[in-house]
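# Per-entry structural report
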Amino acid sequence: MTEFLQQLLNGLSLGAIYALIALGYTMVYGVLRFINFAHSDVFMLGAFAGYYLAPIVARVFPSGSVAGAVVVLLSAMAICAVIGVTIEYLAYRPLRRRPRLTVLITAIGVSLLIEFTSQHRLVFGPSPRTFPQLLDARTLDIGGVAIGTTQIVVFVLTAVLLAGLTFVVQSTKVGTAMRAVSFNEQAAALMGVNINRIISFTFALGSALAGAGGVLFAMSYTKIEPLMGVQTGLKAFVAAVLGGIGNLPGAALGGIVLGVVETFAGGVQGLSNYRDGIAFAVLILILLFRPAGLLGRAQVEKV
Amino acid sequence: MNRRHFLHAWTASAGFLAALLLSGCGPGGGGTNSATLRIGEFASLTGKEATFGQSSHNGTELAVMELNAAGGVLGKSLELITQDNQSKAGESQTVVNKLIARDGVVAILGEVASSRSLEAAPVCQNAKIPMISPSSTNPDVTKTGDYIFRVCFIDPFQGTVMANFAKDTLKAKRVAIFTDVKSDYSKGLAKFFKERHAINGGTIASEFDFNGGDTDFKGQLTAIKASNPEALFLPGYYTDVALICIQAKQLGLNVPIFGGDGWESDKLMEIGRDAVEGTHFSTHYHPDVGSPRSRQFVDAYKKAYGSSPDAMAALGYDSAMILADAMKRAGSAEPAKVRDALAATRDYDAVTGKITIDPNRDASKSAVILRVEGGKLKYLETIAP
């Protein structure tokens, strides 16, 4: 029983990070109907932003303080938002009226460009680095189940960000505009919605979440490197599809399901080698029976 | 991964084609006729196992500098041409092809990781260019063919050493094994450890696998903890090992963790911090112990690079020195003659101990066991073959 609870906890904390990244994939898909493959690299850039910001912030706020960690997190999110908007402006906007496949291939190109530029020794270099400790990490023992303070931070922050996102999308003017663009771009434009601004905003929001995911991932696992987004980004993309791409709660649920399944598969002797494979097999199974994903409904409200 | 695999495969094959096209212009200006002798080296100078490549390269470079300062080999100075494979699968083959076809090197030195040596070995064997691996311990490396040599011990010995260590020093009977399935080194070492451990009367609490380069190991570690082992054997490379030790500690898996020479790097302590304290591993060499030859090397290395050499540096140095020795004895740099001379190496006084190349083209040498203490590697004992 303890083992089960421990695994559940491990899976949830991994899944929470997948969920944060999956939200970015799903939001862009909702509005533009294409997969932004460069999203996983924005996640990586978020972790590196945190890596370079931490020593600077530590000069103002004592290292290990909550204020310092919050400043690092928010700055990394802001940097990623700017990067996301820039990518959209430079790479995707000129192709807005082209076939969707063109944009998709461009997205792969942008992703590879970021990955290989970052690996150059004048940028980050390809060697792994140790992420600085933003908060004092301790491990609590609750009835034999070990829970790290970092894990608690990850849970709380993910919940806060999810609630914030839901609020923005459902209850604000710009969120209504996002949903309108998602529903019918031309009609939204005729109603006076500034399409370009809404798309930029969508990218800013999604990229900020990826940045937060990057910092949280780096806090939990301490190792960062330019290719860290490849595997994690792929999982998050799968999570978005699993939950029903274009559906926000679906992306969050998909992330959690994937994280939990993967962790439990890792804990089975003889299967641990296939933990990724099993996670993807679950995806195939779910899509066989629910082609639109867990929460996806064909052509109903999508953002 | 599919998308990336496809792209990687594509770029790798494009690089290979380019190398072939270049080689069409005839083996470059190097070879045996020019004023210098070109030696090729491939190493993981960057990436996941960067410190392996850098240490090994420093050692090799120091050897070449010393040889050239003493008048070179066969009246010619040595030119070391180094290629980086970025610790990536698929790259070694490309860069070694390039070294042989474009640069016309007479011999190849490299690599530390067995998987990458195994990748390059068939290329060298087909081109009939001698290759000396400084520190790949998987037995299959030299089985590729009669042009492939190494200057370190092999994993059947290392596995035995660590199984005996578990029995005698750790007094651990129930051991869990956690293997990197992406690494030939890790799989081989785990297998040989298990064989010896069974002979020693030990049992296996559980066996789990991970993929090198992963970041989350908690699924496996939680299950390992539930299997109640007395110790955890972890044959892997330092980056993964450090992360695993951190997560093991977070999960309250407080048993001795021990492994092999893949652990040796300052990065182990840098990433792992207090989580790797008190762990043990076996390796080839420690600067605190050794012959006058070794002390001489340590001084020269400190002067050149400002730090103490590790086992990878010492073996890199030995690989270049033993090549030069074979060339001198052959009286030629012709690959076939150098090969024969290498195979005939007997009792060569190397930094890491006496080297005799056995019929399998491996070196039979002793191992040392180190302990992480206060963020440093402390020498514990030497175990003779």
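Just so it is clear, the structure is predicted and the values come from calculations on it, not from any experiment.

## Side note on the overall build of chain B
Across its full length, chain B holds 13 helices and 14 strands. Computed over its C-alpha atoms, the radius of gyration of chain B comes to 21 Å, within 12% of the 21 Å expected for a compact globule of 385 residues. For chain B, the C-alpha atoms occupy an extent of roughly 65 × 55 × 40 Å along the three principal directions. In chain B, of all internal contacts separated by at least 6 residues, the share reaching a separation of at least 24 is 69%. Counting every atom, chain B has about 14,000 Å² of accessible surface; 53% of that belongs to carbon and sulfur. Averaging the positions of the 41 positive and the 42 negative side-chain charges in chain B gives two centres separated by 1 Å.

## Digging into unusual backbone geometry
All names here are of chain B. A cis amide bond links Gly110 with the next residue in sequence, Glu111, at an omega value of 0°. Tracing the sequence through the fold places Glu111 in the loop between strand S3 (107-109) and helix H4 (114-127). With a phi close to 45°, Arg273 is a non-glycine residue in the positive phi region. Here Arg273 is to be found in the loop between helix H10 (266-272) and strand S10 (280-283). Even without a glycine there, the phi angle at Arg361 is positive, about 65°. Checked against the element boundaries, Arg361 lands in the loop between strand S12 (353-355) and strand S13 (367-373).

## A few points about the interface of chain A and chain B
If you look at the interface, chain A gives 41 residues, while chain B gives 40 residues. Taking both sides of the interface into account, the surface hidden between chain A and chain B amounts to around 3,200 Å²; carbon and sulfur atoms contribute 51%. Inspection of the chain A/chain B interface yields 1 salt bridge. Arg275 of chain A is the salt-bridge partner of Asp216 of chain B, the closest N and O atoms lying 3.2 Å from each other. Here chain A is connected to chain B by 7 residue pairs in polar contact (both at pLDDT 80 or more).

## As for the pattern of salt bridges
Enumeration over the complete set of coordinates arrives at 25 salt bridges over all chains. A salt bridge links Arg102 of chain B to Asp103 of chain B, with the nearest nitrogen and oxygen atoms 3.5 Å apart. Judged by its relative accessible area of 37%, Arg102 of chain B falls in the partly exposed class. A salt bridge links Glu270 of chain B to Lys267 of chain B; the nearest nitrogen and oxygen atoms lie 3.6 Å apart. Of this pair, Glu270 of chain B and Lys267 of chain B both sit in helix H10, separated by 3 residues, roughly a single helical turn. Put simply, Lys235, Glu262, Arg275 and Asp276 of chain A together with Asp216 of chain B are held in one network by salt bridges that share partners.

## Description of the sheet that holds S13 of chain B
Residue and element names in this part refer to chain B. One open sheet holds the 7 strands; their spatial order is S7-S6-S8-S9-S10-S13-S14, and the pairing between them is mixed. Every interior strand has two partners, whereas the edge strands, strand S7 (203-210) and strand S14 (376-383), have only one. Each neighbouring strand pair of the sheet contributes to a mean axis angle of 25°, computed without reference to strand direction. With 2 bridges connecting them, strand S8 (residues 231-233) and strand S9 (residues 257-259) associate as parallel partners. Bridge pairing links Phe233 to Phe258 in S9.

## Structural notes on the environment of Glu230 of chain B
All names here are of chain B. By the secondary structure assignment, Glu230 is in the loop between helix H8 (218-226) and S8. Taking the relative accessible area as the measure of exposure, Glu230 reaches 36% and is therefore partly exposed. A distance of 2.7 Å separates the side chain of Glu230 from the backbone nitrogen of Lys173, its partner in a polar contact.

## Focus on helix H13 (residues 335-343) of chain B
Residue and element names in this part refer to chain B. If you check which residues of H13 are buried, you get Pro335, Val338, Arg339, Ala341 and Leu342. Buried residues in H13, looked at end-on, bunch into an arc of 165°, giving them a common side. Buried residues along H13 sit against strand S4 (131-133), strand S5 (148-150) and helix H12 (311-330).

## With respect to the packing of aromatic side chains
Residues and elements named next belong to chain B. For the coordinates displayed, the defined rule picks out 27 aromatic pairs over all chains. When the centroid spacing of 6.5 Å and the interplanar angle of 65° are considered together, the rings of Tyr285 and Phe297 count as edge-to-face. With Tyr285 in the loop between S10 and helix H11 (292-305) and Phe297 in helix H11, the pair connects residues that are 12 residues apart, well separated along the chain. In this structure an aromatic cluster arises from ring pairing among Tyr285, Phe297, Tyr301, Tyr305 and Tyr317. Over the ring of Tyr147 we find Arg339; its NZ or CZ atom is 6.0 Å from the centre of that ring.

## Overview of the domain arrangement of chain B
All names here are of chain B. If you check the domain split of chain B, you get domain 1 (2-153 + 291-365) and domain 2 (156-283). For domain 1 and domain 2, the distance between their C-alpha centroids amounts to 29 Å. Contact with domain 1, which involves 18 residues of that partner, is made by 21 residues of domain 2. Interface area, domain 1 with domain 2, both sides summed: about 1,500 Å², of which 57% is carbon and sulfur. Broken down residue by residue, the surface that domain 1 buries against domain 2 is led by Lys48, Phe52 and Phe153, which jointly contribute 34%. Where domain 1 touches domain 2, the interface holds 1 salt bridge. Across the pair Lys48 and Asp240 runs a salt bridge, and its minimum N-O distance is 3.5 Å. The tally of links from domain 1 across to domain 2 stands at 8 residue pairs in polar contact (both at pLDDT 80 or more). Looking at the side of domain 1 that touches domain 2, the elements that each hand over two or more residues are helix H2 (50-69), H4 and H12.

## Structural notes on the pairing of S14 of chain B
Residues in a regular strand point their side chains to alternate faces of the sheet. With 7 bridges connecting them, S13 of chain B and S14 of chain B associate as antiparallel partners. Looking across to S14 of chain B, one finds that Ala367 of chain B is bridged to Ile383 of chain B.

## Structural notes on the pairing of strand S6 (residues 174-180) of chain B
Residue and element names in this part refer to chain B. Counting buried positions over the 7 residues of S6 gives 6, a clear majority of the element. Summarising the sheet, S6 and S7 pair through 7 bridges and their orientation is parallel. Across the sheet, residue Ala176 finds its bridge partner in S7, namely Ser206. Between the parallel pair S6 and S7, the chain is carried across by helix H7 (residues 184-199), and the sense of this crossover is right-handed. Examined bridge by bridge, S6 and S8 share 3 bridges and lie parallel to one another. By the bridge assignment, Ala176 is partnered in S8 with Leu232.

The rules behind each value
- Residues numbered from 1 in each chain as written.
- Chains lettered and ligands numbered in written order.
- Predicted model: local features only at pLDDT ≥ 70, side-chain atom pairs only at ≥ 80, totals over all residues.
- Heavy atoms only, no water.
- Helix = DSSP H or I, 4+ residues; strand = E, 2+ residues; numbered from the N terminus.
- Rg over C-alpha atoms; globule rule 2.2 N^0.38 Å.
- Contact = heavy atoms within 4.5 Å.
- Areas by Shrake-Rupley, 256 points an atom, 1.4 Å probe, with all protein chains shown as cover.
- Lys, Arg positive; Asp, Glu negative; His and termini not counted.
- Charge placed at Lys NZ, Arg CZ, Asp CG, Glu CD.
- Buried area = accessible area lost by both parts, 1.4 Å probe.
- Salt bridge = Lys/Arg side-chain N within 4 Å of Asp/Glu carboxyl O.
- Polar contact = N/O pair within 3.5 Å; in protein donor to acceptor, adjacent residues only side chain to side chain.
- Buried < 20%, exposed > 50% of the residue type's maximum accessible area, 1.4 Å probe, protein only.
- Pairing = 2+ DSSP bridges.
- Axes fitted to C-alpha atoms, helices over the stretch in contact; angles between N-to-C directions.
- Arc of directions from axis to C-beta.
- Phe/Tyr/Trp six-rings, centres within 6.5 Å; stacked < 30°, edge-to-face > 60°.
- Lys NZ or Arg CZ within 6 Å of the ring centre and 35° of its normal.
- Domains from an automatic or database assignment.
- Right-handed = clockwise from strand over helix to strand, strands pointing away.

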